[in-house]
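As a plain string of letters, each chain reads:
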Amino acid sequence: MIKADNINFWIKNRRVLENIYLQLNVGELKVVLGPNGAGKSSLFKILSGEATCKLGAVAYNGRNLQQYNAAHLAMVRSVMPQSSQLSFPFFAKEVVEMGLMNINNHNPTYSIQEVMLQTNTWHLKNQLYGNLSGGEKQRVQFSRALVQIWEEKPYPRYLLLDEPTSSMDISQQHQLLHLLLGLKKRNIGILVILHDLNLAALYADSLILLKEGKVIANGVKDEVLTAENLFQTFDYPIEVLRHPVTGKPLIAPQPVHTNFQQTIKSA
Ligand SMILES: Nc1ncnc2c1ncn2[C@@H]1O[C@H](COP(=O)(O)OP(=O)(O)OP(=O)(O)O)[C@@H](O)[C@H]1O
């Protein structure tokens, strides 16, 4: 389990995260939602170990994050940040192979091809990463993160993804989330930051709504995804309907012209 207790985080004397508690279990897909600037990426950096908080603590499998060295941490969690800059002209396949270098695995029981076929990137293997489209770059970075945890292990591991689908078309978005569902069965817990409420509604087990650094709601999907919680989080009127095929929540934002101001006043 990843356990975050009372996370408080300041950037330049401004508190951007306040008293955050969360738990991520293996077999769970947790989505973090919230408006721009809510603190999602800051929380992500603290959970992944990229940043440290003055107040509060993060533990992986019962052991404080600070006690892990980089190599050991790479064995228990894999990370896809919002953006990744590469200073050299790597081919797409070389970028994916970096996932193996992170865990010092020179002899994987699986092939890079196997993973890249799953993420629809194998045909891009010999293209320069810098020349790929935004969505293609994301799929390559996702592949790199997957390669790092693809091999089955007897201990719990975690995959952390910050807006992995933001540049992807609708088909690729759903394929990525579908792949995550498969990973849940491999003793892996997954935390994803998304802006697409409907992707969250279809695929998440649990959700955290964040606004101005504070948790508005945290729990199982059906309890968190209510019109009231969404309004409180986004200051925007959003209906929660039922998906006609899956029966899961279906998010229907109201268009701005339909009495938006009136709705805000009456809420
Ligand atoms: N390096 C920085 N210097 C100053 N302020 C920062 C810095 N990084 C983040 N912030 C501020 O911290 C707050 C939280 O930022 P964060 O990136 O965590 O938000 P977010 O929820 O991920 O937003 P988005 O949805 O737009 O990606 C924002 O107000 C942001 O302006």
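Where an unreviewed UniProt entry is consulted, the protein chain appears under the name ABC transporter, with the organism given as Anditalea andensis. Taken verbatim from the UniProt record of the protein chain, the Function (unreviewed entry) comment is "Part of the ABC transporter complex HmuTUV involved in hemin import. Responsible for energy coupling to the transport system."

S.K.: Residue-level account of the site of the ligand, with values.
M.R.: Near the ligand there are 15 residues, and of these Gly-37, Gly-39, Lys-40, Ser-41 and Ser-42 occur at the shortest range. Between Lys-12 and the ligand, the recorded distance is 3.5 Å, taken from a side-chain N or O atom to a nitrogen atom. A distance of 2.6 Å separates an oxygen atom of the ligand from a polar side-chain atom of Ser-42. Counting residues per element, the shell around the ligand draws most heavily on helix 1 (residues 40-48), which supplies three residues. In terms of residue class, the shell around the ligand is built from four nonpolar, seven polar and four charged.

S.K.: So, the environment of Val-192: which residues are in play, and what are the values?
M.R.: Structurally, Val-192 can be placed in strand 8 (residues 188-193). The exposure class of Val-192 is buried, given its relative accessible area of 0%. Residues Val-192 and Lys-214, spaced 22 residues apart in sequence, show a C-alpha to C-alpha distance of 18 Å. If we skip the residues at most four places from it in the chain, Val-192 touches Leu-29, Lys-30, Val-31, Val-32, Leu-161, Pro-164 and Leu-180.

S.K.: Give me the UniProt feature "domain: ABC transporter" (unreviewed entry) in the protein chain: which residues, what numbers.
M.R.: The UniProt entry lists residues 2-237 under the feature "domain: ABC transporter" (unreviewed entry), expressed in the numbering used here. With 36% helix and 27% strand, the stretch residues 2-237 has end C-alpha atoms that lie 33 Å from each other.

S.K.: Any details on the side chain of Gln-141? Residues and values, ideally.
M.R.: If you trace the backbone, Gln-141 turns up in helix 5 (residues 134-149). In this view, Gln-141 contacts Met-80, Ser-84, Val-95 and Tyr-129; residues no more than four positions away in its chain are not counted.

Scoring rules and cut-offs
- Residues numbered from 1 in each chain as written.
- Predicted model: local features only at pLDDT ≥ 70, side-chain atom pairs only at ≥ 80, totals over all residues.
- Heavy atoms only, no water.
- UniProt positions renumbered as here; feature names shortened; annotations may be inferred.
- Near = heavy atom within 4 Å.
- Polar contact = N/O pair within 3.5 Å; in protein donor to acceptor, adjacent residues only side chain to side chain.
- Helix = DSSP H or I, 4+ residues; strand = E, 2+ residues; numbered from the N terminus.
- Nonpolar A, V, L, I, M, F, W, Y, C, P; charged D, E, K, R; others polar.
- Buried < 20%, exposed > 50% of the residue type's maximum accessible area, 1.4 Å probe, protein only.
- Contact = heavy atoms within 4.5 Å.

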